[in-house]
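# Survey of secondary and tertiary structure
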Amino acid sequence: MDLQSTYHNDMNIITVAEARIDAAAAIRFKDKMRDVTSQGPTHIVLDLSNVTFVDSSGLGAIVAAMKQLSGNQRLDLAGLTTDVAKVFRLTRMDTVFVIHDDIIALKARATG
């Protein structure tokens, strides 16, 4: 699973560089998320703008990644594509996560 982590102000922005988070990738996703969130800023933003498909295993992996964070860390999401946003809405996970429209606007707000 290709996850790219960059720091911006007080955020650890993790960009998923693959199109799918599904059953085939779920375990690798959780393991990589654990690695890239083990240190650095406590505000973590998962940029899903490259992801076009998430199945139930992928959704479970994202939730598991949130649950494995330490108590002072928080996970937000950004850049959900239409199909991925629909999965979050249908499962009501959009009420669990703070979801930002895109990472560019979020960075601008954090800078300004």
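To be clear, the structure that these remarks concern was listed above.
Quick look at the structure, then. The written sequence of each chain sets the order in which its residues are numbered from 1. Two thresholds apply to this predicted model, a pLDDT of at least 70 for residue-level local features and 80 or more for giving and counting side-chain atom pairs, whereas whole-chain, interface and lining totals are computed over all residues. Hydrogens and water molecules were not included; the side-chain quantities draw on all heavy atoms of the structure.

### A few points about the nonpolar core
Where we set the bar: Buried residues of nine kinds, namely Ala, Val, Leu, Ile, Met, Phe, Trp, Tyr and Cys, make up a nonpolar core once their side-chain atoms join them within 4.5 Å. We call a residue buried when its accessible area falls under 20% of the maximum for its residue type, exposed when it is over 50%, and partly exposed in between, using a 1.4 Å probe and counting protein chains only. Here a helix means four or more residues in a row that DSSP labels H or I, a strand means two or more in a row labelled E, and each is numbered from the N terminus.
Counting residues in hydrophobic clusters, the biggest one holds 28 residues, and the most contacted among them are V16, F29, M33, L46, L48, I62 and F88. Breaking this core down by element, the ones donating at least two residues are β2 (11-16), α1 (26-37), β4 (43-47), α2 (56-67), β6 (74-78) and α3 (82-90). Among the elements that take part in this core, α2 stands out by supplying five residues, more than any other. If you look at the next biggest cluster of nonpolar residues, it comprises six residues, including M11, I13, A78 and I103.

### So, α1
Put simply, the test is: Here, expected helix span is obtained from the residue count minus one, scaled by 1.5 Å. In this context, the arc is that of the directions from the helix axis out to the C-beta atoms. Any two residues having at least one pair of non-hydrogen atoms within 4.5 Å are treated as being in contact.
Relative to the 16 Å expected for twelve residues at 1.5 Å per residue, α1 spans 16 Å between its end C-alpha atoms, a close match to the ideal helical length. All of the buried residues in α1 are A26, F29, M33, V36 and T37. Buried residues of α1, seen end-on, are gathered within an arc of 95° and therefore sit on one face of the element. Exposed side of α1, more than 90 degrees from the buried face: I27 and D35 are the residues found there. Against the buried residues of α1 lie β1 (3-8), β2, β3 (20-21), β4, α2 and β6.

### A look at the side chain of N12
Of note, N12 is situated in strand β2. Apart from residues no more than four positions distant in its own chain, N12 is found in contact with S5, T6, Y7, V36, T37, Q39, P41, H43, I44 and V45.

### Looking at the packing of aromatic side chains
Put simply, the rule reads: Stacked, edge-to-face and tilted are the three classes for Phe, Tyr and Trp ring pairs, Trp counted by its six-membered ring, which pair at centre distances within 6.5 Å; planes under 30 degrees apart are stacked, over 60 edge-to-face, the rest tilted.
In total, this model carries one aromatic pair according to the counting rule given. A centroid spacing of 6.0 Å and a plane angle of 75° characterise the contact between F88 and F97, whose relative ring orientation is edge-to-face.

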